[in-house]
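Each chain, written out:
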Amino acid sequence: GRNYLYWNGIRPELVISEPELVKEVLKNSENTFPKKKPSIFFSKLLGNGLVLLEGEKWVKHRKLANHVFHGERLKNMTPAVIASVETMLEKWKGQEGKEIEVFQEFRLLTSEVISRTAFGISYLEGEKIFAMLKELSIIMSRNNFKTSIPLINKLWKHVDMLKSEELAKGIQDCVMKIVKQREDKFVNGEADSFGNDFLGLLVNAYHDSDENNRLSMEDLVDECKTFYFAGQETVNSLLAWIVLLLATHGDWQDKARREVIDIFGNRNPDSEGISKLKTVSKLSNIPIYFVSQS
Ligand code: HEM
């Protein structure tokens, strides 16, 4: 599409979609493009997590997160993803011929996958966190284009502000409970380390004896919020877009299905085969554009 300017309250914002310009911004070689100053509600949602961090603190947190996205670790997550997809498909079997609300189904699936792979807990254990993050994101969207006057905010708190503070506190308490469970397992001898998943890496960093590498509890909670939210909402929307686009472009759906059957037959997918899925990966790049835009 075209580049255009719009007003966010009193602030002009420029939207660019030309690939060359986008590349230039993402490279950000001269640090010309700082991250957008978050609204008060967005800060409550993600705290000082990676999405909003900059500078040295960003480098420190990013190093930790990079471990999680390492190829070998991602490969090890495949069985957990397959198990969650199988549970969903099993449920769908009884729905043949009926309408399925796929966005809702993928919400459960992505919540389950991120809970298991990053935090080592089931969806049910993380359910409260997701529900509160969702409520907070709705409040954030509702207030996206409202301009606030700082002094008035200090004297009088809008009902949305009070609710968002309550939710942020609730999320923090839930995350701290999960951290405590992980610490207790190690202390009681049920586990020989804090674990290798994202939560384990964060808890390790929280206990690091080197002050330069150590994370505060606040930072730990903020990174958990970021991973829960950034990891779930995005993939949820991506999957829903893929299904919608495949449903409306039957010829591409046939091509994708043929490719999957050619490579896997009736077997479950594995990481080696997944890397051979050329058509499917091309198709999943299209909705990424829509997801990033939202
Ligand atoms: C379709 C899937 C996804 C899309 C389209 C997507 C999109 C994005 C975009 C556009 C940003 C840049 C935000 C900014 O700087 O303003 C970002 C950053 C980030 N995303 Fe995602 N994301 C996806 C999946 C995930 C998943 C699965 C996770 C975690 C499990 C994740 C975690 C993060 C984190 C931690 C950052 C901050 C990175 C940094 O600043 O170093 N994302 N994502």
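These numbers come from a predicted model, not from an experiment.

Rules behind the numbers
Residues numbered from 1 in each chain as written. Predicted model: local features only at pLDDT ≥ 70, side-chain atom pairs only at ≥ 80, totals over all residues. Heavy atoms only, no water. Helix = DSSP H or I, 4+ residues; strand = E, 2+ residues; numbered from the N terminus. Buried < 20%, exposed > 50% of the residue type's maximum accessible area, 1.4 Å probe, protein only. Contact = heavy atoms within 4.5 Å. Areas by Shrake-Rupley, 256 points an atom, 1.4 Å probe, with all protein chains shown as cover. Lys, Arg positive; Asp, Glu negative; His and termini not counted. Charge placed at Lys NZ, Arg CZ, Asp CG, Glu CD. Pairing = 2+ DSSP bridges. Expected span 1.5 Å × (residues − 1). Arc of directions from axis to C-beta. Phe/Tyr/Trp six-rings, centres within 6.5 Å; stacked < 30°, edge-to-face > 60°. Lys NZ or Arg CZ within 6 Å of the ring centre and 35° of its normal. Domains from an automatic or database assignment.

Chemist: Looking at this structure, how should I read the overall build of the chain?
Modeler: A count of helices and strands for the chain gives 13 helices and 2 strands. Structurally, the chain occupies a C-alpha span of about 60 × 60 × 40 Å along its principal axes. Burial status across the chain gives 33% buried among its 294 residues. Considering only contacts within the chain whose residues lie at least 6 apart along the sequence, 60% involve residues at least 24 apart. Summed over all atoms, the accessible surface of the chain reaches about 19000 Å², with 57% contributed by carbon and sulfur. Charge-centre separation for the chain: the mean point of 40 positive side chains lies 3 Å from the mean point of 41 negative side chains.

Chemist: So what exactly am I meant to see when it comes to the environment of Asn 66 here?
Modeler: Turning to its location among the elements, Asn 66 is positioned in helix H3 (residues 55-68). Each C-alpha atom, one on Asn 66 and one on Leu 26, is 18 Å from the other, the two residues being 40 residues apart in sequence.

Chemist: Would you explain the pairing of strand S1 (residues 4-8) in this entry?
Modeler: Along any regular strand, the residues point their side chains to alternate faces of the sheet. In terms of strand pairing, S1 meets strand S2 (residues 11-15) through 5 bridges, oriented antiparallel. Bridge pairing links Asn 8 to Arg 11 in S2. Between S1 and S2, which pair antiparallel one after the other, the connecting turn spans 2 residues, and Gly 9 there sits at a positive phi close to 65°.

Chemist: I tried to follow helix H11 (residues 250-264) on my own but got confused; where do I start?
Modeler: Residue pairs three or four apart in sequence face the same way in an α-helix, which turns once every 3.6 residues. Compared with an ideal rise of 1.5 Å per residue, which puts 15 residues at 21 Å, H11 spans 21 Å between its outermost C-alpha atoms and is within 8% of the ideal. Along H11, the residues that are buried comprise Ala 256, Glu 259 and Phe 264. Angular distribution of buried residues about the axis of H11 spans 105°; they occupy a single face of the element. Facing away from the buried surface of H11 by more than 90 degrees, the exposed residues are Asp 251, Arg 258 and Asp 262. Gly 265 sits one or two positions beyond H11 and adopts a positive phi of about 55°.

Chemist: Sorry if this is basic, but what is going on with the packing of aromatic side chains here?
Modeler: Think of a pair of aromatic rings as described by two things: how far the centres are apart, and how the planes are tilted against each other in angle. Across all of its chains, the model carries 9 aromatic pairs by this definition. Ring centres of Phe 119 and Tyr 228 lie 4.2 Å apart, and the angle between their planes is 5°; this geometry places the pair in the stacked category. Highlighted residues: Phe 119 in helix H5 (residues 102-119) and Tyr 228 in helix H10 (residues 217-248), separated in sequence by 109 residues. Of the two residues, Phe 119 and Tyr 228, neither departs from the other in class, the shared state being buried. Consider the rings of Phe 198 and Phe 227, whose centres lie 3.7 Å apart with planes at 20°: the pair is stacked. On the criterion of sequence distance, the pair formed by Phe 198 in helix H9 (residues 198-206) and Phe 227 in helix H10 is long-range, its members being 29 residues apart. On the basis of relative accessibility, which here comes to 3%, the residue Phe 198 falls in the buried class. The class for Phe 227 is buried, based on a relative accessible area of 11%. Chaining the aromatic ring pairs together yields one cluster made of Phe 69, Phe 119, Tyr 123, Phe 130, Phe 198, Phe 227 and Tyr 228. Above the face of the Trp 252 ring, Lys 255 is positioned so that its terminal group lies 3.9 Å from the ring centre.

Chemist: Which parts of the structure should I look at to understand the domain arrangement of the chain?
Modeler: Frequently, the measure chosen for interface size is the accessible area that the parts lose on association. According to the domain assignment, the chain contains domain 1 (1-33), domain 2 (38-235) and domain 3 (249-294). The distance between the C-alpha centroids of domain 1 and domain 3 comes to 30 Å.

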